[in-house]
Amino acid sequence: LPSILLAFFAIGLGMFLLPPVPGLPIYLISGIIIVKRCERDGQSFWFGVSVAVVFSFLLKMAAVLVQQKGIGQPFSHSIAVKKAVAIHTPTMKAVKHILSRPGLDTAKVAVLCG
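A brief report on the enclosed structure follows. The shown structure was predicted, so the numbers you read here are calculated from the model rather than taken from an experiment.

Tracing the chain through its elements places leucine 17 in the loop between α1 (2–16) and α2 (23–40). In sequence terms leucine 17 and alanine 94 are 77 residues apart; their C-alpha atoms lie 29 Å from each other. Not counting the four nearest positions on each side in its chain, leucine 17 is found in contact with Ala63, Val66 and Gln67.

Let us now look at the environment of phenylalanine 9. Looking at where phenylalanine 9 falls in the secondary structure, it is placed in helix α1. As for phenylalanine 9 and valine 54, which are separated by 45 residues in sequence, their C-alpha atoms are 12 Å apart. For phenylalanine 9, the residues in contact, after removing those within four places along its chain, are Phe55, Leu58, Leu59 and Ala62.

Further remarks concern the side chain of lysine 108. One can find lysine 108 in helix α6 (residues 106–113). It is aspartate 105 that comes nearest to the buried, bridge-free lysine 108 among opposite-charge side chains, at 5.9 Å. Ignoring anything within four residues of it in the chain, the contact list for lysine 108 reads Ile98, Leu99, Arg101, Pro102 and Gly103.

Attention now goes to the side chain of serine 56. Within the fold, serine 56 resides in helix α3 (residues 45–72). Relative accessible area serves as the criterion here: at 10%, serine 56 is assigned to the buried category.

Looking now at a nonpolar patch on the surface. Taken together, Leu17, Val66, Ile71, Phe75, Val81, Val85 and Ile87 make up a surface patch of nonpolar side chains, about 530 Å² in accessible area. For the nonpolar patch, the secondary-structure elements that each account for two or more residues are α3 and α4 (79–85). Following the sequence through the fold, valine 66 ends up in helix α3. Valine 66 gets classed as partly exposed once you look at its relative accessible area, which sits at 31%.

Basis of the calculations
- Residues numbered from 1 in each chain as written.
- Predicted model: local features only at pLDDT ≥ 70, side-chain atom pairs only at ≥ 80, totals over all residues.
- Heavy atoms only, no water.
- Helix = DSSP H or I, 4+ residues; strand = E, 2+ residues; numbered from the N terminus.
- Contact = heavy atoms within 4.5 Å.
- Buried < 20%, exposed > 50% of the residue type's maximum accessible area, 1.4 Å probe, protein only.
- Lys, Arg positive; Asp, Glu negative; His and termini not counted.
- Salt bridge = Lys/Arg side-chain N within 4 Å of Asp/Glu carboxyl O.
- Patch = residues over 30% accessible without salt bridge, like charges linked within 9 Å, V, L, I, M, F, W, Y side chains within 5 Å.
- Areas by Shrake-Rupley, 256 points an atom, 1.4 Å probe, with all protein chains shown as cover.

The following block contains the structure:
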């Protein structure tokens, strides 16, 4: 099981870093592979499901960490990136204003959920 988890972690991390790949296929494959392997190794179905859920969560968090620290932080001061994101447009200023308000309201939820 550890070798499968390690290999799938590397593949899953690479998949999460590709923008057109959604998370659903990664979660489904994780559930199928890990649960089957745990059952084959004599563990229960629910143990396999628990391992798959925790593994998928940790994989997603690792991908977010790589994206934020490995991609976002090095380019955070790039003028070209700021122009591409259009950070000084009225829309982005409105988003900043909405997100900087204290508390949680409908507008903030709408911005965060897209």
